[in-house]
Amino acid sequence: MAIISAPGATRAPGRPAPPPPVRPQRTSLGRKVRDNLTGHAFLIGAVLCFAVFSWYPMIRGIVMSFQRTRRGETTWVGWDNYTRIMADPSFWTAWKNTFSFTVLALVLGYVVPFFVAILLNEFRHAKGYLRILVYLPVMLPPASALFLFKFYAYDPSDAGLFNAILKALHLPTSQWMQSPEMTMPAMVLASTWMNMGSAVLIYLAALQNIPGELYEAAELDGAGIWRRIRHVTIPQTRLILALLAMLQIVATMQLFIEPLILANGAGAEDSATSVAYLIYQHGFFQNDLNGAAALGVIMLVVLAGFSAVYVRLTAKQD
């Protein structure tokens, strides 16, 4: 009579144990792909968006800059578009105005937010209200803010806000956007008011990460406010200062909406014509897409040069 052993019963002596089940071995690459499948899916979406909306237009623009399209026929012309664009006097005027705006924006639009952030950091009360007040212009649509400046602040008559202030101070009034000398400073002032809120908040975040012991030690050494800013604040925020300086240069070199709205494009005696606006003129008014593409490539090379200098300088600091 056979004896059936119950589950879990002890194996009979001398009988070999059954081999363990063989599990399929996963390769390390396959395991990594399965573990990060969701991340790869999100990454593919971002790469496709960049490819369609950034990389393809950039490559297409570079190709178009070496072509000429007439009546639907496209031919390769080499560097002809570049030489033709550079021979236009407006090309050099646009670059001069763009660099002038960039320099003025660095003097005003880069320095003012830093000192506004230092001032706000010293307040002990109403910090949230003051930050909202400084950031409020950023929340306005740029076109609305510029139209506000154009028709309310920069009105050349005595009804304009700035002229009314100058008249109350017994100072000579200005024609603002109708004056070639005042066009560029007026655009810089409006741009600074519109965009400085973001820079102020970034500076505030950097200032609050500075240890208070450094300021206390500086005060014990008899350092005044300017020496504390020079020897403590600026060294502790130099990376943020360098990054925002680079972003400021890249943004201001793409000057477009300010001359378009405030100066109706070119401004008095071409005092507001920028490179970006010249690209707009060639592409949409002169139907010269190849010349516009050549201008865009030149701007891309200039901005890439500034970016390379920034990367080199920051690498040396690290």
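Residues numbered from 1 in each chain as written. Predicted model: local features only at pLDDT ≥ 70, side-chain atom pairs only at ≥ 80, totals over all residues. Heavy atoms only, no water.

S.K.: Help me understand the overall build of the protein, please; the structure alone is not making it clear to me.
M.R.: Counting its regular elements, the protein contains 15 helices and two strands. In the protein, once contacts between residues fewer than 6 apart in sequence are set aside, the share between residues at least 24 apart is 63%. (Helix = DSSP H or I, 4+ residues; strand = E, 2+ residues; numbered from the N terminus. Contact = heavy atoms within 4.5 Å.)

S.K.: Help me out: how do you make sense of the layout of surface pockets in this one?
M.R.: To find the voids left in a structure, one rolls a probe of water-molecule size over its atoms. Of the pockets and cavities examined, the largest pocket occupies roughly 550 Å³. Along the wall of the largest pocket there are 29 residues; nearest its centre are S191, N195, M196, Q248 and A251. When contributions to the lining of the largest pocket are tallied by element, the ones reaching two or more residues are α4 (89-108), α6 (127-139), α7 (142-153), α9 (180-207), α12 (238-253) and α13 (257-262). A per-element tally of the lining of the largest pocket places α9 first, with ten residues. In terms of residue class, the lining of the largest pocket is built from 20 nonpolar, eight polar and one charged. In this structure, the second largest pocket occupies an estimated 450 Å³ of space. Taken together, 16 residues make up the lining of the second largest pocket; nearest its centre are N121, E122, R124, Y215 and R228. (1 Å grid on protein atoms, 1.4 Å probe; cavity = no way out; pocket = protein on both sides within 12 Å on 5 of 7 lines; lining within 4 Å. Points joined across faces, edges and corners; volume = space filled by probe spheres on them. Nonpolar A, V, L, I, M, F, W, Y, C, P; charged D, E, K, R; others polar.)

S.K.: Help me understand α9, please; the structure alone is not making it clear to me.
M.R.: Given 3.6 residues to a turn, an α-helix orients residues that are three or four positions apart in the same direction. Here α9 is 28 residues long and its end C-alpha atoms lie 39 Å apart, about the 40 Å a rise of 1.5 Å per residue gives. Taken as a whole, α9 carries its principal kink of about 50 degrees at N195. (Expected span 1.5 Å × (residues − 1). Bend = angle between axes of the 7 residues up to and from the residue.)

S.K.: Honestly, the packing of aromatic side chains in this entry has me stumped. Any pointers?
M.R.: Where two aromatic rings form a pair, the distance of their centres and the angle of their planes describe that pair. Using the criterion set out here, one finds 22 aromatic pairs in the structure. Between the aromatic rings of F114 and Y203, the centroid separation amounts to 5.3 Å while the plane-to-plane angle is 80 degrees, which identifies the pairing as edge-to-face. Here Y203 lies in helix α9 and F114 lies in helix α5 (residues 111-122), a separation of 89 residues in the sequence. A residue is classified by how much of its surface remains accessible, and Y203, at 2% relative accessible area, is buried. The rings of F149, Y154, F162, W176 and W193 are connected pair by pair, giving a single aromatic cluster. (Phe/Tyr/Trp six-rings, centres within 6.5 Å; stacked < 30°, edge-to-face > 60°. Buried < 20%, exposed > 50% of the residue type's maximum accessible area, 1.4 Å probe, protein only.)

S.K.: Would you take a moment to explain the side chain of T102 for this structure?
M.R.: Looking at the element boundaries, T102 is found in helix α4. Looking at T102, the relative accessible area reads 5%, which means it is buried. Of the polar contacts made by the side chain of T102, one reaches the side chain of T252; its length is 3.4 Å. T102 has contacts with I249, T252 and M253, leaving out every residue within four places of it along the chain. (Polar contact = N/O pair within 3.5 Å; in protein donor to acceptor, adjacent residues only side chain to side chain.)

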